[in-house]
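An overview of the molecular structure
Here's the letter readout for the chains.
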Amino acid sequence: MPRKALISGITGQDGSYLAELLLDKGYQVSGITRRSSSPNIERLTHIIDRIQLISGDLLDQNSLVAAIQQSEPDEVYNLAAQSFVATSWRQAELTGQFTALGVTRMLDAIRAVNPKIRFYQASSSEMFGAATPPQNESTPFHPRSPYAVAKVFGHFITQNYRESFGLYACSGILFNHESPRRGLEFVTRKVTNAAARIQLGLQKDLAMGNLSAKRDWGFAGDYVEAIWMMLQADTPKDFVVATGVSHSVEYLLEVAFSHLNLDYRDFVRVDPSLIRPAEVDYLCGDSSEAQRAFGWKPRTNFEQLIAMMVEADLERNRRNPAAVHFVSGV
Ligand code: NDP
Ligand code: GDR
């Protein structure tokens, strides 16, 4: 009998990579998608015939119960969230509903249908916020946005259900991870897409926020392996997943533009409206515990990651210049 997995957030960046990985491992894969007026499966088209999509929403408890009943999973990966930090100040309440209470709804649905299901929660390095790097599993949280506060709730409710009801439930505290499938509003993709479009003469300049923020950026394809490995352990435990190397947004600009023999200083301007109300200045993860426990290590370094993203954006913009135009204001 093939193992069965249910992924919430399957239409997102991580969901698509995780679905691929699980299919490769012989899983039967189902995913929860919310209703929209036009199809939203761009990241899944290459595997759409091999997965089952079930209509559901993190805001709707009954739909989660029904999705679990229908898919009968051995493992549930809760990746769905309002995941863009900047939006969380403008939609703080909704972010709490999706990103915090959505986790409780999913855990309650598991308890109601089959408490033996293994549960993964997508926790975030944003929970560390202002904590001094390097951050590991013992670093106290200091969240700096409504998104991060919601993720702290999701993290602790997962821990609490593990301790209260004996669920196999754990959280991966993942640092930023990117790919050619990253949403266009996140800084890496915003930059690689703009560099490609400037090179092709489709865009003139690029408005940016805080250039001095530092992040520990890895490749999403590497990180979904850690997600899966975490859920295979005998006992549930939370782990940090990171590369251990941090760079500034300014260095990101330098790497992306110089890949195309461009000088970012000729095109980039800082727009004060893109500065966040509270910033996370410096994240750098220590994932030695994950390495010790299940041998996970990242395979892709920052420069390789950005080169891969710039090349993919060049190709995409050449094929269809109108398709991936950056939406201003984020
Ligand atoms: P994306 O923004 O690419 O994907 C988010 C997914 O959540 C989409 O499939 C989206 O569906 C779905 N979703 C949002 N709201 C709901 C809802 N109410 N009901 C059902 N589905 C919903 O995120 P990533 O793939 O980058 O991240 C996956 C998870 O990991 C998120 O929880 C994120 O917060 C967390 N995380 C991400 C990190 C990163 O660097 N990428 C680092 C640490 C944590 P739709 O397509 O319909 O919008
Ligand atoms: P982050 O990612 O907030 O770390 O959350 P994002 O790429 O949005 O920002 C990273 C840093 O870049 C700075 N920045 C800009 N960011 C954006 N988006 N646009 C800009 O123009 C810009 N200029 C500077 C930001 O201020 C910030 O310091 C991501 C998400 O995937 C979360 O869901 C996840 O939990 C964390 O990573 C880990």
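In this text, all values refer to a predicted model and were calculated from it rather than measured experimentally. (Residues numbered from 1 in each chain as written. Chains lettered and ligands numbered in written order. Predicted model: local features only at pLDDT ≥ 70, side-chain atom pairs only at ≥ 80, totals over all residues. Heavy atoms only, no water.)

1. Here's the deal with the overall build of the protein
Using the following cut-off: Secondary structure counts use DSSP, requiring at least four H or I residues in a row for a helix and at least two E residues in a row for a strand, with both numbered from the N terminus. Each residue gets one of three labels from its accessible area relative to the maximum for its type: buried under 20%, exposed over 50%, partly exposed in between, using a 1.4 Å probe on protein chains only. Should any heavy atoms of two residues lie within 4.5 Å, those residues are considered in contact. In these tables, accessible area is a Shrake-Rupley quantity obtained with a 1.4 Å probe, and a residue counts as shielded only by the protein chains included in the view.
Looking only at helices and strands, the protein features 10 helices and 13 strands. Dimensions of the protein along its principal axes, counting C-alpha atoms only, are 55 × 45 × 40 Å. For the protein, buried positions account for 55% of its 330 residues. Taking the intrachain contacts of the protein between residues at least 6 apart in sequence as the baseline, contacts between residues at least 24 apart amount to 79%. As presented, the protein carries roughly 14400 Å² of accessible surface, and 48% of it is formed by carbon and sulfur atoms.

2. Description of the domain arrangement of the protein
Quoted interface sizes are often the accessible area lost when the parts come together. Which entries qualify depends on this criterion: Just so you know, the domain bounds were taken from an automatic or database domain assignment. Defined in terms of a 1.4 Å probe, buried area is the accessible area two parts forfeit on being brought together, summed over both. A side-chain nitrogen of Lys or Arg and a carboxyl oxygen of Asp or Glu constitute a salt bridge if their distance falls within 4 Å. Three classes are used, and their members are as follows: Ala, Val, Leu, Ile, Met, Phe, Trp, Tyr, Cys and Pro are nonpolar, Asp, Glu, Lys and Arg are charged, and the others, Gly among them, are polar.
We note that the domain assignment places domain 1 (4–177 + 217–241) and domain 2 (185–216 + 246–282 + 300–319) within the protein. The C-alpha centroid of domain 2 is placed 27 Å from the C-alpha centroid of domain 1. Listed per partner, the contact involves 18 residues of domain 1 and 20 residues of domain 2. Of all residues in domain 1, the largest losses of buried area upon contact with domain 2 belong to Phe 84, Arg 144 and Trp 217, amounting jointly to 45% of the total for that side. Inspection of the domain 1/domain 2 interface yields 1 salt bridge. Glu 126 is the partner of Arg 215 in a salt bridge, and the nearest nitrogen-oxygen pair spans 3.6 Å. Where the side of domain 1 that touches domain 2 is concerned, the elements lending two or more residues are helix 3 (85–90), strand 10 (218–219) and helix 7 (220–230). Here the side of domain 1 that touches domain 2 takes 3 residues from helix 3, the largest share from any one element. Here the side of domain 1 that touches domain 2 is built from residues that sort into 10 nonpolar, 5 polar and 3 charged.

3. Focus on the site of ligand 2
Spelled out, the test is: The rule for a residue being near a molecule or strand is that one of its heavy atoms must lie within 4 Å of it. Any pair of nitrogen or oxygen atoms within 3.5 Å is treated as a polar contact; in protein, a donor-acceptor pairing is required on top of that, and neighbouring residues in sequence qualify only through side-chain atoms on both sides.
Near ligand 2 lie 21 residues; those nearest to it are Ser 83, Ser 124, Tyr 147, Arg 276 and Glu 279. At 2.9 Å from a nitrogen atom of ligand 2 is found a main-chain nitrogen or oxygen belonging to Glu 185. Taking Glu 279, its side chain carries an N or O atom lying 2.6 Å from an oxygen atom of ligand 2. Here ligand 2, which alone exposes 700 Å², has 96% of that area covered by the protein. The class makeup of the residues in the shell around ligand 2 is 8 nonpolar, 6 polar and 7 charged. Residue-level mapping places the shell around ligand 2 at the junction of two domains, with at least three residues from each of domain 1 (4–177 + 217–241) and domain 2 (185–216 + 246–282 + 300–319).

4. Quick look at the sheet that holds strand 5 (residues 118–124)
For the record, the criterion: Strand pairing requires that DSSP identify at least two bridges connecting the strands. Axes here refer to lines fitted to C-alpha atoms; in helices the fit is confined to the stretch in contact. Angles between the N-to-C directions go from 0 to 180 degrees.
Here we have 7 strands laid out as an open sheet, ordered 3-2-1-4-5-6-11, and parallel in their pairing. Every other strand in the sheet has two partners, leaving strand 3 (51–55) and strand 11 (239–241) as the edge strands with one partner each. Pairs of neighbouring strands in the sheet enclose a mean axial angle of 25°, with direction left out of account. Note that strand 4 (residues 75–78) and strand 5 share 4 bridges and pair parallel. By the bridge assignment, Glu 75 is partnered in strand 5 with Arg 118. The strands that helix 4 (residues 92–113) touches are strand 1 (4–8), strand 2 (28–33), strand 4, strand 5 and strand 6 (169–174); relative to strand 5, the one it contacts most, it runs at about 170°.

5. Remarks on the site of ligand 1
Neighbouring residues of ligand 1: 24 residues in total, closest Thr 11, Arg 34, Asn 40, Ser 83 and Tyr 147. Measuring from a nitrogen atom of ligand 1, one finds a side-chain N or O atom of Asp 57 at 2.9 Å. The separation between an oxygen atom of ligand 1 and a polar side-chain atom of Lys 151 is 2.8 Å. Here ligand 1, which alone exposes 900 Å², has 89% of that area covered by the protein. Contributions of two or more residues to the shell around ligand 1 are made by helix 1 (13–24), strand 5 and helix 5 (146–165).

6. Quick notes on the pairing of strand 2
Definition in use: If the strands point away from the viewer and the path from the first strand over the helix to the second runs clockwise, then the crossover is right-handed.
With 5 of 6 residues buried, strand 2 lies mostly within the body of the structure. Relative to strand 2, strand 1 runs parallel, the two sharing 5 bridges. Residue pairing for strand 2: Lys 4 is matched across the bridge by Gln 28. On the question of chirality, the crossover connecting strand 1 to the parallel strand 2 by way of helix 1 is right-handed. Here strand 2 pairs with strand 3 via 5 bridges, running parallel. By the bridge assignment, Ser 30 is partnered in strand 3 with Gln 52.

7. Here we look at the packing of aromatic side chains
Rules: Here the aromatic set is Phe, Tyr and Trp, taking the six-membered ring for Trp, and pairing holds for ring centres within 6.5 Å; pairs whose planes are under 30 degrees apart are stacked, those over 60 apart are edge-to-face, and all others are tilted. Two conditions define a charge located above a ring, namely a distance within 6 Å from the ring centre to NZ of Lys or CZ of Arg, and an angle within 35 degrees of the ring normal.
Scanning the entire structure with this criterion turns up 12 aromatic pairs. Both rings, one in Phe 84 and one in Phe 186, keep their centres 5.3 Å apart while their planes meet at 80°; by these two values the pair is edge-to-face. Pair noted here: Phe 84 is in the loop between strand 4 and helix 3 and Phe 186 is in the loop between strand 7 (177–178) and helix 6 (187–199), with a separation of 102 residues, a long-range link. The residues Phe 84 and Phe 186 share a single accessibility class, namely buried. Between the aromatic rings of Phe 257 and Phe 267, the centroid separation amounts to 5.9 Å while the plane-to-plane angle is 20°, which identifies the pairing as stacked. With a gap of 10 residues between them, Phe 257 in helix 8 (residues 249–258) and Phe 267 in the loop between helix 8 and strand 13 (268–270) connect regions that are remote in the sequence. The exposure class of Phe 257 is buried, given its relative accessible area of 0%. For Phe 267, a relative accessible area of 19% puts it in the buried group. Aromatic ring contacts, followed pair by pair, group Phe 128, Phe 141, Phe 156 and Phe 175 into a single cluster. Lying over the aromatic face of Tyr 282, Lys 214 brings its terminal NZ or CZ to 4.6 Å of the ring centre.

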